[in-house]
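# Structure assessment
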Amino acid sequence: MKARGRCWKFGDNIPTDQIVRADRVLLSMQDMAKHVLENLNPDFARSVKPGDILVAGKHFGQSSGRAVAPKAIQATGVGAVVVEYASRLFYRNCFEIGLPILECAGITNFVHDGDILSVDMTDGRIHNETTQQTVYANPVDPFLMDMLRAGGIIPMAAKLAGED
Amino acid sequence: MNLVEKILAKASGRTTVRPGDVVVANVDCLLLHDLSGYITSRVFDNEVRRPMRYPERVVMVFDHHFSPPSEERARMLEENRAFARRHGIHLFDCGSGNIHHVGVRRGFVRPGTIVVGSDSHTPVHGALGCFAAGLGNNSHAGTVMPFGKAWFRVPETIRIELSGTQKKGVVPRDAALWLTGQIGEGGAVYKALQFAGPFIKDLEMWDRWLFPLITIDVGGKCGFIEPDEKTIDFVRSLTTEPFDVITSDEDAEYVELRAYDISDLEPQVAASPTLGNVGPVGKFAGAPVQWAELGGHGGGRLQDIRQAAEILRGRKIAPGVKFNIVPSSREVFAEACQEGLVQTLHEAGCTWFPPSTGSNQAINMGAMANTEAMVSTHARNFPGRNGSPEAKMYLGSAYTVAASALAGKIADPRAYLV
């Protein structure tokens, strides 16, 4: 439940259409990952390393609720997503597919693109190693933390439905 | 409790729920379209591998493809058809109409029920007194298809009361667009939005439809309108299936009340890059457009087609403008035929397209080059949804779309209505 890596910083109100364009959604996940956020920062998909942290602004992942958007981010190797706040569907989808996400008001003022961050999902601690400062994200609902630990909704579905 | 809380309580076997509670509830209807349905079907067959528990509750509508534009897409639709046959779910093939309109017209959406879908505009069904929310593919494949259930966090409710009478040339879609700007993108994240007040109460059902439609774009989980006699008559005209009408308690709580008088509103336009970029039509008047369209989740209703015909009757659209009309359902097309609107708009220079979701995401129509612009009744205007990320999309009422098609640029419809 921890991630450490380079911060890739994006802006406000980014729709899922910009995370993965509609004409890319039939690609394999491996190929889709090569196009994540391509219109906003073509360097991102080319250079992102496992564990890197994607930081974005307000209402991240608005528009279409397709779960391939967080899945493609996950496939790039991103270790955690930290946003000012997420669209409801994007937030739900992250836990359902097992991608760590935190909401932290002020995060876009706290980091610069290229900073080294470490993120701990269990207590919401976000440490900026470059500036040596620490902030805490909003706590995550225990139900969603259980889902994340299970690896998403599918492994816990039968239990959730009371049929385990 | 309000109707959303009552529906969630009933469907999860509780007597009461409160905002913040997480419940697992029985789902009455799952609506999928040809794209989200394809993705969901892959997850269900490859990762879940269980039987479909209630195939009669699952509906797939091919609405992004009225006809496949490539072999790859033809293959995808064939896989969807095979999935539908294999699991016994309902399938409405190319040419049926927009997912949400088909869901309503074919009687799958009924008051007091829980409707879910991967399409993010699924909350529109709250117009019929349902609890309706968009969920992700993994919820559908993981819990709805194999168990008939889904998890929900009970949302807090914002009550929006609208009153007043609109002036000539200003229509409910203008009020809905304006309201998007008032609430703001992300202004209601995770909330339920209750649309109420005399203005909403007086609207006919397909105009009420336009209000819960904006829920997702202001960040909400669901939107709803209290069902009344109008709702019951409307649904009874579409289905013989029984349903329980659930209404909010008089003392139901909400976290916020917003009241607006819409009497002074002018026609509204929302310009790319987002819906929040909305203002009176005068702010954008004069911006050139090469394309016009009635279509998508909100457009292509009979009401839109009537408005366009009112402006275009006996006139011709501007040279260089292509005006595409996409009926929301086969029923809408039949009604437009009966009213003579098909001929009127054809003679004005418009082109009729098959019932579908039109150029929503430009899957089989409506892509633009970087130099082009469209004015439409669509629900969204994000860059890259219609071809080039530099192409522009202006959203407005069917009046505004038709007036702009006549002028070849964004135009105030009131100049054409006498």
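What counts, and where the lines are drawn
- Residues numbered from 1 in each chain as written.
- Chains lettered and ligands numbered in written order.
- Predicted model: local features only at pLDDT ≥ 70, side-chain atom pairs only at ≥ 80, totals over all residues.
- Helix = DSSP H or I, 4+ residues; strand = E, 2+ residues; numbered from the N terminus.
- Buried ≥ 20, exposed ≤ 12 C-beta atoms within 10 Å, placed from the backbone.
- Contact = placed C-beta atoms within 7 Å.
- Rg over C-alpha atoms; globule rule 2.2 N^0.38 Å.
- Domains from an automatic or database assignment.
- Nonpolar A, V, L, I, M, F, W, Y, C, P; charged D, E, K, R; others polar.
- Pairing = 2+ DSSP bridges.
- Axes fitted to C-alpha atoms, helices over the stretch in contact; angles between N-to-C directions.
- Parallel < 35°, antiparallel > 145°, perpendicular 65-115°, else oblique.
- Left-handed = near helix turned anticlockwise from the far one by under 90°.
- Core = buried A, V, L, I, M, F, W, Y, C linked by C-beta atoms within 7 Å.

Assigned secondary structure in chain A consists of eight helices and seven strands. Overall size of chain A, expressed as C-alpha extent along the three principal axes, is 50 × 40 × 25 Å. Looking at chain A as a whole, 48% of its 164 residues are labelled buried. Excluding contacts between residues fewer than 6 apart, the proportion of contacts in chain A whose partners are at least 24 apart in sequence is 68%.

Take the overall build of chain B next. Looking only at helices and strands, chain B has 14 helices and 18 strands in total. The C-alpha atoms of chain B give a radius of gyration of 21 Å, which matches the 22 Å a tight globule of 418 residues would have. Along the first, second and third principal axes, the C-alpha set of chain B runs to 60 × 55 × 40 Å. The buried share of chain B, taken over its 418 residues, is 60%. Taking the intrachain contacts of chain B between residues at least 6 apart in sequence as the baseline, contacts between residues at least 24 apart amount to 78%.

To continue, consider the domain arrangement of chain B. All names here are of chain B. When cut into domains, chain B gives domain 1 (3-260) and domain 2 (270-416). With 33 residues of domain 1 in contact, the opposing surface of domain 2 contributes 32 residues. At six residues, helix α6 (residues 172-183) tops the list of elements feeding residues into the side of domain 1 that touches domain 2. Partitioned by chemical class, the residues of the side of domain 1 that touches domain 2 number 11 nonpolar, 14 polar and eight charged.

Let's shift gears to the sheet that holds strand β3 (residues 58-61) of chain B. Residue and element names in this part refer to chain B. Reading across from one edge, β4-β3-β2-β5-β6 is the order of the five strands in this open sheet, with parallel pairing throughout. Across the chains shown, the open sheet's two edge strands, defined by having one partner strand only, are β4 (90-92) and β6 (131-134). Each adjacent strand pair in this sheet contributes to an overall mean axis angle of 20°, direction not counted. As defined by bridge partners, strand β2 (residues 29-33) adjoins β3 across four bridges and the pair is classed as parallel. Within β3, the residue paired with H33 across the bridge is V61.

Residue and element names in this part refer to chain B. Here strand β12 (residues 268-271) shows a buried face lined by Q268 and A270 and a second buried face lined by V269 and A271. Where β12 lies against strand β13 (residues 278-280), three bridges are found, and the strand directions are antiparallel. Directly across from V269, in β13, lies its bridge partner G279. Remark: six residues form the turn of the hairpin made by β12 and β13, two consecutive strands paired antiparallel. Judged from the two bridges that link them, β12 and strand β18 (residues 392-395) form a sheet pairing that is antiparallel. The partner of A270 across the bridge, within β18, is L395.

The residue I262(B) is located in the loop between β11 (256-261) and β12 in this model. For the pair I262(B) and K168(B), spaced 94 residues apart in the sequence, the C-alpha separation amounts to 13 Å.

Let us now look at the sheet that holds strand β4 (residues 101-103) of chain A. Residue and element names in this part refer to chain A. In space, the seven strands of this open sheet follow the order β4-β3-β2-β1-β5-β6-β7, with mixed pairing throughout. Pairing within the sheet leaves two strands with one partner each, and these edge strands are β4 and β7 (133-136). Here the strands of the sheet are splayed against their neighbours by 25° on average, with no regard to which way each runs. Note: strand β5 (residues 116-120) against strand β6 (residues 125-128), four bridges, orientation antiparallel. Note that in β6 the partner of D120 across the bridge is R125.

Turning to the environment of P413(B), a few remarks are in order. Residues and elements named next belong to chain B. Tracing the chain through its elements places P413 in the segment after α14 (398-407). C-beta crowding within 10 Å serves as the criterion here: with 28 such atoms nearby, P413 is assigned to the buried category. C-alpha of P413 to C-alpha of T400: the two residues are 13 residues apart in sequence and 5.1 Å apart in space. If near-sequence neighbours (up to four positions away) are discounted, P413 is found in contact with G169, P267, I311, Y399, T400, A402 and A403.

With that settled, consider helix α11 (residues 302-312) of chain B. Residue and element names in this part refer to chain B. Burial runs high along α11: nine of the 11 residues are buried. Buried within α11 we find L302, Q303, D304, I305, Q307, A308, A309, I311 and L312. Residues of α11 that are buried make contact with α8 (205-208), β14 (291-294), β15 (322-325), α12 (330-338), α13 (341-347) and α14. Positive phi appears at G314, one or two residues downstream of α11, with a value of about 75°.

Turning to the packing of helix α2 (residues 36-48) of chain B against helix α3 (residues 71-87) of chain B, a few remarks are in order. All names here are of chain B. In contact at an axis separation of 10 Å, α2 and α3 are set at 60° when each is read in the N-to-C sense. Between α2 and α3, the angle falls in the class oblique. The two elements α2 and α3 meet at a crossing, and its hand is left-handed. When α2 is examined against α3, the residues G37, Y38 and S41 are found in contact with a partner set consisting of M76, E79, N80 and F83. Partitioned by chemical class, the residues of the contact of α2 with α3 number three nonpolar, three polar and one charged.

Before going further, it helps to examine α14(B). Residue and element names in this part refer to chain B. Of all 10 residues making up α14, 10 are buried, and the element is well covered by its neighbours. What α14 keeps buried is the set A398, Y399, T400, V401, A402, A403, S404, A405, L406 and A407. Check the buried side of α14 and you find it contacts β12, α10 (281-284), β14, α11, β15 and β17 (373-376). Trailing α14 by a residue or two, G408 shows a phi angle of about 75°, which is positive.

Next up on the list: the nonpolar core. Of all hydrophobic cores here, the largest spans 187 residues; its most connected members are V81(A), V82(A), L8(B), V59(B), A308(B), Y394(B) and A402(B). For this core, the element with the highest residue contribution is α14(B), accounting for eight residues. Each of two domains, domain 1 (3-260) and domain 2 (270-416) of chain B, supplies a minimum of three residues to this core.

Turning our attention to the interface of chain A and chain B. With 34 residues of chain A at the interface, the matching set in chain B holds 36 residues. Ranked by residues supplied to the side of chain A that touches chain B, first place goes to helix α5 (residues 88-97) of chain A with six residues. The residue makeup of the side of chain A that touches chain B, split by class, is 15 nonpolar, 11 polar and eight charged.

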